[in-house]
Amino acid sequence: MRYELARLPNGALDLDHMSATADVIGKSLLFNAKNREEIETKMMAGASLGIDPVASVMGIDIIQGRVSLSAALVAAAIDSHPRYAIQVLRMDRQCC
């Protein structure tokens, strides 16, 4: 199931709803975000990819103005696709 932030009738993101969600996430102090704007930016980037807000805040970084997805977030996206699956064949000190 893909997650979508609330949208207005014209299809635009409901920024009031997103801002309220960002406030709750920010006040939790669980994600080491600098400010609400950082949280909202990560949420918008995630929404464009169908990623829920918490996963977006945890797994998306903005590095020199570019969106960067964590390896865990990429792996989760691949694993959630019905056609693909991640299978660890070998994991030791020499290879994974």
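Structure: see above.
Brief notes about the overall build of the protein
Thought 1: Looking only at helices and strands, the protein has 4 helices and 2 strands in total.
Thought 2: Put simply, the protein runs from its N terminus to its C terminus through helices and strands in the order α-α-α-β-β-α.
Thought 3: Counting the 96 residues in the protein, one finds 23% classified as buried.
Thought 4: Within the protein, counting contacts between residues at least 6 apart in sequence, those at least 24 apart form 24% of the total.
Thought 5: Accessible surface, the protein as shown: approximately 7,400 Å² in total, 56% of it carbon and sulfur.

Focus: the pattern of salt bridges
Thought 1: Scanning all chains against the criterion turns up 5 salt bridges.
Thought 2: Linking Asp 61 and Lys 42 is a salt bridge whose minimum nitrogen-to-oxygen distance equals 3.9 Å. Within this pair, whereas Asp 61 is found in strand β1 (residues 60-63), its partner Lys 42 is found in helix α2 (residues 36-48), the two being separated by 19 residues in sequence.
Thought 3: In this structure Asp 61 comes out as partly exposed when scored by relative accessible area, which is 38%.
Thought 4: The salt bridge involving Asp 92 is made with Arg 90; its shortest N-O contact spans 2.7 Å.
Thought 5: What makes Asp 92 partly exposed here is its relative accessible area of 37%.
Thought 6: Shared partners join several salt bridges into a network, and the residues in it are Asp 23, Arg 36 and Glu 40.

Parameters at a glance
Residues numbered from 1 in each chain as written. Predicted model: local features only at pLDDT ≥ 70, side-chain atom pairs only at ≥ 80, totals over all residues. Heavy atoms only, no water. Helix = DSSP H or I, 4+ residues; strand = E, 2+ residues; numbered from the N terminus. Buried < 20%, exposed > 50% of the residue type's maximum accessible area, 1.4 Å probe, protein only. Contact = heavy atoms within 4.5 Å. Areas by Shrake-Rupley, 256 points an atom, 1.4 Å probe, with all protein chains shown as cover. Salt bridge = Lys/Arg side-chain N within 4 Å of Asp/Glu carboxyl O.

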